[in-house]
Amino acid sequence: MHFTVAIDGPAAAGKGTISRAIAREFGFAHLDTGLLYRAVGMKGGDPIVAARSLSPDDLARDGLRSLAAGEAASRVAVLPEVRAALVDFQRDFARREGGAVLDGRDIGTVICPEAEVKLFVTASAETRARRRWLEAGEDGSYEEVLAQVRARDARDIGRADAPLLAAPDAITLDTTEMTVSQAVEFAKDVIAQRLAERA
Ligand code: CDP
């Protein structure tokens, strides 16, 4: 069975948490595509060469979840050659047997426009910055993290190639006022319904 769930949205909106919960619930494989860009950003040297030669070791290195790695990722992610080098891997993953969840910025629009379910997970910049700041162990100031979130949003939305954008047929899930379990339940219901329609 091929069944792709595409989860897109801005930094710290809750994509990762929702994706992991869905993968567990339905037995789907999960790919956090941000990790690919983070690994390219942290590899150093020419990012295009880094993207073309990305290895499992690069994806396993320490520090990929740091704020600095997120920042590096969004800088290399504007380069069309970097994005192009990562397309085939993501598409193969999306169409693997048994179902897959991919979270990122352009899964429903560019990588997998034929995905069976598309969710656009978002939240206010203030809420997302607060979550990121708490996750990082209240390292640095909240205002600094908020400024970073806003700068990253602007870069992700404003880039020419594969900008952050909800697919026209995506369901938007605004998690600003939601608990984690409410957001997860919403996503599970959407997927369960789509699976039932196909059965
Ligand atoms: O967890 P968070 O949303 O902060 O970051 P991430 O999903 O790991 O993505 C880090 C950066 O990689 C984003 O700001 C994007 O610039 C870039 N990215 C992208 O361009 N396309 C994707 N499919 C995933 C990430």
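These numbers come from a predicted model, not from an experiment. (Residues numbered from 1 in each chain as written. Predicted model: local features only at pLDDT ≥ 70, side-chain atom pairs only at ≥ 80, totals over all residues. Heavy atoms only, no water.)

**Student:** Would you take a moment to explain the packing of aromatic side chains for this structure?
**Tutor:** Think of a pair of aromatic rings as described by two things: how far the centres are apart, and how the planes are tilted against each other in angle. Going through the model one piece at a time under the given rule, you end up with three aromatic pairs. A ring pair is formed by Trp 133 and Tyr 142, whose centres lie 6.1 Å apart and whose planes are at 70°; its orientation type is edge-to-face. What makes Trp 133 buried here is its relative accessible area of 17%. Take Tyr 142: its relative accessible area is 13%, and that puts it in the buried class. What links up through ring pairs into an aromatic cluster is the set Phe 3, Phe 26 and Phe 28. Over the face of the ring belonging to Phe 93 we find Arg 96, whose NZ or CZ atom lies 4.5 Å from the ring centre. Over the face of the ring belonging to Tyr 142 we find Arg 130, whose NZ or CZ atom lies 4.4 Å from the ring centre. (Phe/Tyr/Trp six-rings, centres within 6.5 Å; stacked < 30°, edge-to-face > 60°. Buried < 20%, exposed > 50% of the residue type's maximum accessible area, 1.4 Å probe, protein only. Lys NZ or Arg CZ within 6 Å of the ring centre and 35° of its normal.)

**Student:** What's the story with the site of the ligand in this structure? I'm lost.
**Tutor:** Among the 18 residues in the neighbourhood of the ligand, the closest are listed as Arg 38, Arg 83, Arg 132, Arg 152 and Asp 156. Between the ligand and the protein, one listed contact pairs a nitrogen atom with a side-chain N or O atom of Thr 33 at 2.9 Å. A distance of 3.1 Å is found between a nitrogen atom of the ligand and a side-chain nitrogen or oxygen belonging to Asp 106. A total of 530 Å² of accessible area belongs to the ligand in isolation, and the protein chains cover 95% of it. Those elements that provide at least two residues to the shell around the ligand are helix H2 (34-43), helix H5 (67-76) and helix H9 (142-158). Ranked by residues supplied to the shell around the ligand, first place goes to H2 with three residues. Split into classes, the residues belonging to the shell around the ligand amount to five nonpolar, four polar and nine charged. (Near = heavy atom within 4 Å. Polar contact = N/O pair within 3.5 Å; in protein donor to acceptor, adjacent residues only side chain to side chain. Areas by Shrake-Rupley, 256 points an atom, 1.4 Å probe, with all protein chains shown as cover. Helix = DSSP H or I, 4+ residues; strand = E, 2+ residues; numbered from the N terminus. Nonpolar A, V, L, I, M, F, W, Y, C, P; charged D, E, K, R; others polar.)

**Student:** Mind showing me how you'd approach the nonpolar core here?
**Tutor:** Generally speaking, a soluble globular protein has its nonpolar side chains buried in company with each other. Of all hydrophobic cores here, the largest spans 19 residues; its most connected members are Val 5, Ile 7, Ile 18 and Ile 22. The greatest single-element share of this core, amounting to five residues, is contributed by helix H10 (residues 180-198). Apart from residues no more than four positions distant in its own chain, Ile 7 is found in contact with Lys 15, Ile 18, Ser 19, Ile 22, Val 101, Leu 102, Asp 103, Gly 104, Leu 119 and Val 121. (Core = buried A, V, L, I, M, F, W, Y, C linked by side-chain atoms within 4.5 Å. Contact = heavy atoms within 4.5 Å.)

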